[in-house]
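A look at the structure
So the chains spell out like this:
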Amino acid sequence: VDVLRTISFILFGLWLGKLLIHIVLFTNLRRSTSTFEADEWPDLLRLYTDLTQKTGLRRPPALLKAGALGPPIFTMGVLKPVVFLSPALARTLDEKELSGALTHELVHVKRYDNARLWLLDLCFVAGPLLMIQLFATDFTCRPGDVVTIAGVGLAAVFLARFALTSFYRNLREHSCDDRTVALTQAPVDL
């Protein structure tokens, strides 16, 4: 029982560590990235503000310049998400294509997709943790049984986590694409 409880607490500690690493990396990335200035990018910022209202957000999330090494456009952050856009992409796309890409990212913000993904991840940690804690209160077994139960349980949790997380990521991208097409009425440009 103590082994199962220890394993469950280690899993939860790993999840908290992952969350803290994400927060530190996000904070460093946000601090080291500049914003699009109104005097240099007036059309882009006007378009971004219009799209923010169109998607139903009260105020636009920060629009930051993405570096050359990462994706050309993405959303990051849970509590205060921001949109990263590569200046090269902003110069390359025409207004309709840029509108589709920005709307897609703003829909992610509107739907709290990053927060949902973290909650799904937490369920895969909290579920086994609670199950082990409740199961261990009235459970007596041999030490070999503990190893078997822990091994099979952890393997099932990790396989389910991998499958459902991949499924959810694909589902949310398709859902955001559908919502973007409904808002922009331009499926080809997206």
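Read on for an overview of the structure. Within each chain, residue numbers correspond to sequence positions counted from 1 in written order. Totals for whole chains, interfaces and linings use all residues, but because this is a predicted model, local features are given only for residues with pLDDT of at least 70 and pairs of side-chain atoms are given and counted only at 80 or more. As a convention, hydrogens and water are excluded, and side-chain values are obtained from all of the structure's heavy atoms.

1. Focus on a nonpolar patch on the surface
Taken together, the side chains of Leu164, Phe167 and Leu171 define a hydrophobic patch exposed on the protein surface, amounting to about 300 Å² of accessible area. Its location among the elements puts Leu164 in helix α6 (residues 143–184). Residues qualify for a patch when their relative accessible area is over 30% and they have no salt bridge, like charges being joined within 9 Å and the nonpolar side chains of Val, Leu, Ile, Met, Phe, Trp and Tyr within 5 Å. Residue exposure ignores everything except the shown protein chains as possible cover, and the areas themselves are Shrake-Rupley values with a 1.4 Å probe. The working definition used for a salt bridge is a side-chain nitrogen of Lys or Arg within 4 Å of a carboxyl oxygen of Asp or Glu. Numbering goes from the N terminus for both helices and strands, where a helix is a DSSP run of H or I of at least four residues and a strand is a run of E of at least two.

2. Topic: a positive patch on the surface
Positive charge is attributed to Lys and Arg, negative charge to Asp and Glu, and no charge count is given to His or to the chain ends. Throughout, a charge is located at the NZ atom of Lys, the CZ atom of Arg, the CG atom of Asp or the CD atom of Glu. A cluster of basic residues, Arg30, Arg58, Arg59, Lys80, Lys110 and Arg179, forms a positive patch at the surface. The topology assignment puts Lys110 in helix α4 (residues 95–110).

3. Looking at the environment of Trp118
Within the secondary structure, Trp118 sits in helix α5 (residues 113–135). C-alpha of Trp118 to C-alpha of Leu19: the two residues are 99 residues apart in sequence and 8.5 Å apart in space. When sequence neighbours within four positions are dropped, the list of residues in contact with Trp118 reads Trp15, Lys18, Leu19, His22 and Val78. Pairs of residues are marked as contacts when any of their non-hydrogen atoms sit within 4.5 Å.

4. Digging into the pattern of salt bridges
Per the stated rule, a full pass over the model turns up 6 salt bridges. Notably, a salt bridge pairs Lys18 with Asp121, separated by 2.9 Å at the nearest N-O pair. Placement of Lys18 in helix α1 (residues 2–32) and of Asp121 in helix α5 is noted, with a sequence separation of 103 residues between them. Exposure categories follow from relative accessible area, calculated using a 1.4 Å probe and restricted to protein chains: below 20% of the type maximum is buried, above 50% is exposed, and the middle band is partly exposed. Taking relative accessible area as the criterion, Lys18 reaches 37% and is therefore assigned partly exposed. Glu95 serves as the salt-bridge partner of Arg46, at 4.0 Å between the closest nitrogen and oxygen. Pair noted here: Arg46 is in helix α2 (residues 42–55) and Glu95 is in helix α4, with a separation of 49 residues, a long-range link. Taking relative accessible area as the criterion, Glu95 reaches 48% and is therefore assigned partly exposed. Here the residues in one salt-bridge network are Arg46, Asp50 and Glu95, joined through shared partners.

5. What about the pairing of strand β3 (residues 82–85)?
Here β3 shows no split at all, with Val82 and Phe84 on one side and Val83 and Leu85 on the other all buried. The pairing of strand β2 (residues 73–76) with β3 spans 4 bridges and is classified as antiparallel. Bridging across to β3, Phe74 finds its partner in Phe84. Here a strand pair is declared whenever DSSP counts at least two bridges between the two strands. What sits between β2 and β3 in their antiparallel hairpin is a turn of 5 residues, with Gly77 showing a positive phi close to 110°.

6. Observations concerning α2
To estimate how far a helix should reach, multiply one less than its number of residues by 1.5 Å. Here α2 contains 14 residues, and its C-alpha end-to-end distance of 20 Å stays within 8% of the 20 Å for a straight helix at 1.5 Å per residue. All of the buried residues in α2 are Leu44, Leu47, Tyr48, Leu51, Thr52 and Thr55. The buried residues of α2 all sit within an arc of 140° when viewed along its axis, so they share a single face. Facing away from the buried side of α2 by over 90 degrees, the exposed positions are Asp43 and Gln53. Just downstream of α2 lies Gly56, where phi reads positive at about 95°. Along the arc lie the directions from the helix axis toward the C-beta atoms.

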